[in-house]
Amino acid sequence: MRNWAEGVFALVILLGLGAALFMFSGESLGQGSTATTAPILVDPDAAVRGEIIAGNTGCLACHTINGTPGSGPTWKGLAGSSRPLQSGEVVIADETYLANSIVDPGSQVVAGFDNIMPPEYADSLTEQEIGDLVEYIKSLAS
Ligand code: HEC
């Protein structure tokens, strides 16, 4: 009787483990697509302001938003992507990178491009304007 009960107990545990494993693998499969690329959350109001600033400040003379590079890299799909730099380093285009690319463009030059982006935006743009531009670029991630 005792052995029978142990057998049932073991079976229940095994079934439970199996179910848990099944659910776990299903869950990790479901999350697999997002695990590698963190979701990009955009402040839509800031993005709209950023679009206007980009037009008024002349960024779009060198950058496109349609995937075709100009004299600078396109902003389409930029946010969250990995950026090969001239230094040989590869970095992820997160908010910090994007903001730094605007205020100190010579510090992380993208491979295949010349270091021709004007360095004066750190002085001519406010923190908020830089943040708005970053939100706009983030909104073009996909
Ligand atoms: C005279 C052309 C020019 C102008 C104007 C210009 N950029 Fe750039 N920008 C470049 C070039 C060239 C690069 C790539 C070399 C580098 O990283 O500095 C670049 C790089 C960048 C990057 C990093 C891109 C990447 O693919 O990783 C961002 C972000 C950026 N610029 C934002 C801006 C913003 C915002 C403005 C306007 C406020 C602006 N740029 C104005 C030429 C320009």
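Quick caveat, the model's predicted, so the values are computed rather than measured. (Residues numbered from 1 in each chain as written. Predicted model: local features only at pLDDT ≥ 70, side-chain atom pairs only at ≥ 80, totals over all residues. Heavy atoms only, no water.)

1. A word on the environment of His-63
Inference 1: For His-63, the position within the fold is in the loop between helix 2 (44-57) and strand 1 (82-84).
Inference 2: C-alpha of His-63 to C-alpha of Pro-73: the two residues are 10 residues apart in sequence and 5.9 Å apart in space.
Inference 3: Not counting residues up to four positions away in its chain, the partners in contact with His-63 are Gly-72, Pro-73, Trp-75 and Met-117.
Inference 4: A distance of 3.2 Å separates a polar atom in the side chain of His-63 from a polar atom in the side chain of Trp-75. (Helix = DSSP H or I, 4+ residues; strand = E, 2+ residues; numbered from the N terminus. Contact = heavy atoms within 4.5 Å. Polar contact = N/O pair within 3.5 Å; in protein donor to acceptor, adjacent residues only side chain to side chain.)

2. Examining the layout of surface pockets
Take a probe with the size of a water molecule and roll it over the atoms, and the empty space left behind shows itself.
Inference 1: Taken as a whole, the largest pocket holds about 480 Å³ of empty space.
Inference 2: Residue lining of the largest pocket: 27 residues in total, with His-63, Pro-73, Ser-101, Pro-105 and Met-117 positioned closest to the centre.
Inference 3: Elements with a contribution of two residues or more to the lining of the largest pocket: helix 3 (95-103) and helix 5 (127-139).
Inference 4: Grouping the amino acids of the lining of the largest pocket by side-chain chemistry returns 19 nonpolar, 7 polar and 1 charged. (1 Å grid on protein atoms, 1.4 Å probe; cavity = no way out; pocket = protein on both sides within 12 Å on 5 of 7 lines; lining within 4 Å. Points joined across faces, edges and corners; volume = space filled by probe spheres on them. Nonpolar A, V, L, I, M, F, W, Y, C, P; charged D, E, K, R; others polar.)

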